[in-house]
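# Structure assessment
Residues per chain, in single letters:
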Amino acid sequence: MSEAALVACRGITVGFHGRTVLDAVDVAVGDGEIVTVIGPNGAGKSTLLRVLLGLTRPDAGEVTRRSGLRIGYVPQRLSLDPVLPLTVARFLTLGTRAPRERLHAVLTEVGAAGVLDSPVQTISGGELQRVSLARALLREPDLLMLDEPVQGVDVTGQSELYALIRRIRDRRGCGILMVSHDLHLVMAATDHVVCLDRHVCCAGHPRAVTADPVYRKLFPGAPQELAIYTHDHHDCAIHAEGEPNG
């Protein structure tokens, strides 16, 4: 286990009602590193996140966190009462305090400054994901944990959110651990991939993982090429490797 890791686990095993959900899983996230956990439904991805967050106690194995580690967490789903009068500004400050100027700044960072005073129930799925990300960033995290961060967002919005996540990493230098079903786009957004199906099937750089026969067997319809992010000074676009940008 790397001493430099923000968070790391070794040999994590979890079972529920006689069924093994995680079996001897090792994962680590370092400073400025984006690690993505992929796998089919029921693979144990969200359970792994809960173990790393300290919300689920493993049956075996150990978790280590850097002393004083600040974690920002974006859950897979938010349960919001549709009749509760809750503005975005109020949602951001639930459980914390922050001046309006700071709320505006963090929403600007995620590209959602225009919804500060909007009722949460009226904003789009993509805006809600950005607002949830902004709420996590208010903690000034050393590590962001994102459970299906583009769920319920269309393909264009997904690519924009993954590009945003990379920009946040570049700007803040925080580590990021993502759980995702999205193979083609998320592979371009990550530095290290962990392919999980209750145990770690394969792990490594995205190019190595997509070439691994175990990955090909687990995801038989997955694209073999990666989408590659290219940046200019004003925008961020995504294109398939070998295709011209734009």
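All figures in this text were calculated on a predicted structure; none of them were measured in a lab.

Calculation rules
Residues numbered from 1 in each chain as written. Predicted model: local features only at pLDDT ≥ 70, side-chain atom pairs only at ≥ 80, totals over all residues. Heavy atoms only, no water. Helix = DSSP H or I, 4+ residues; strand = E, 2+ residues; numbered from the N terminus. Buried < 20%, exposed > 50% of the residue type's maximum accessible area, 1.4 Å probe, protein only. Contact = heavy atoms within 4.5 Å. Areas by Shrake-Rupley, 256 points an atom, 1.4 Å probe, with all protein chains shown as cover. Disulfide = S-S within 2.5 Å. Phe/Tyr/Trp six-rings, centres within 6.5 Å; stacked < 30°, edge-to-face > 60°. Lys NZ or Arg CZ within 6 Å of the ring centre and 35° of its normal. Pairing = 2+ DSSP bridges. Axes fitted to C-alpha atoms, helices over the stretch in contact; angles between N-to-C directions. pLDDT = per-residue confidence, 0-100. Expected span 1.5 Å × (residues − 1). Core = buried A, V, L, I, M, F, W, Y, C linked by side-chain atoms within 4.5 Å.

### Points about the overall build of the protein
Across its full length, the protein holds 8 helices and 11 strands. Relative to its full complement of 246 residues, the protein shows a buried share of 47%. A separation threshold of at least 6 residues defines the contact pool for the protein, and within that pool the share at least 24 residues apart is 65%. Counting only carbon and sulfur atoms, one obtains 49% of the accessible surface of the protein, whose full area is about 12,100 Å².

### Digging into the state of the cysteines
Overall, the coordinates contain 0 disulfides when judged by the stated rule. In this structure Cys195 is a free cysteine whose sulfur lies 4.1 Å from that of Cys202, the closest cysteine sulfur available. Taking the relative accessible area as the measure of exposure, Cys195 reaches 0% and is therefore buried.

### Some details on the packing of aromatic side chains
Applying the stated criterion across every chain yields a total of 1 aromatic pair. In this structure, Arg135 packs its charged tip against the face of Phe91, placed 5.3 Å from the ring centre.

### Examining the sheet that holds strand S2 (residues 19–29)
A sheet is described by the order of its strands in space; here 3 strands give the open sequence S2-S1-S4, paired in antiparallel fashion. Every other strand in the sheet has two partners, leaving S2 and strand S4 (60–65) as the edge strands with one partner each. Each neighbouring strand pair of the sheet contributes to a mean axis angle of 20°, computed without reference to strand direction. In the sheet, strand S1 (residues 7–16) pairs with S2 via 7 bridges, with the strands oriented antiparallel. Bridged to Cys9 within S2 is Val27.

### So, the pairing of strand S9 (residues 199–204)
Here 5 bridges tie strand S8 (residues 192–197) to S9, and the two strands are oriented antiparallel to one another. Paired with Val194 across the bridge in S9 is Ala203. Counting the residues in the hairpin turn of S8 and S9 gives 1 residue, including Arg198, whose phi is positive at 75°.

### Remarks on unusual backbone geometry
Even without being glycine, Ala24 reaches a positive phi, approximately 55°. Within the secondary structure, Ala24 is located in strand S2. Phi is positive for Glu140, which is not a glycine, with a value near 50°. Residue placement: Glu140 occurs in the loop between helix H4 (125–137) and strand S6 (143–147).

### Notes on the confidence of the model for the protein
Averaged over all residues, the pLDDT of the protein equals 86, while 87% of them reach at least 70. In the predicted structure, residues 228–246 sits below a pLDDT of 50 and forms 35 contacts with residues beyond four places in sequence or in another chain.

### What about the environment of Gly68?
With respect to the helices and strands, the residue Gly68 is situated in the loop between S4 and strand S5 (71–74). Residues Gly68 and Leu6, spaced 62 residues apart in sequence, show a C-alpha to C-alpha distance of 9.9 Å.

### A few points about H4
In a regular helix each residue adds 1.5 Å, so 13 residues correspond to 18 Å; H4 covers 18 Å between its end C-alpha atoms and thus fits that length. Of the residues making up H4, those classed as buried are Gly126, Gln129, Arg130, Val131, Ser132, Leu133, Ala134, Ala136 and Leu137. Looking at the packing, one finds that the buried side of H4 touches S5, helix H2 (88–92), helix H3 (100–109), S6 and helix H5 (155–172).

### Considerations on the nonpolar core
Ile38, Leu107, Val110, Leu133, Leu144, Met178 and Tyr215 are the most contacted members of the largest nonpolar core, which totals 48 residues. The next biggest cluster of nonpolar side chains, apart from the first, holds 25 residues, and it includes Val35, Leu177, Val194 and Leu196.

### Quick word on the sheet that holds strand S3 (residues 34–38)
Note: strands within a sheet are paired through backbone hydrogen bonds, in either parallel or antiparallel orientation. With mixed pairing, the 6 strands of this open sheet are ordered in space as S5-S6-S7-S3-S8-S9. Of all the strands in the sheet, just S5 and S9 have a single pairing partner and so form its edges. The average angle at which neighbouring strand axes cross in this sheet is 15°, direction not considered. The pairing of S6 with strand S7 (residues 175–180) spans 5 bridges and is classified as parallel. Bridge pairing in S7 places Asp147 opposite Val179. Sitting on the sheet, H4 is in contact with S5 and S6, with an inclination near 165° to S5.

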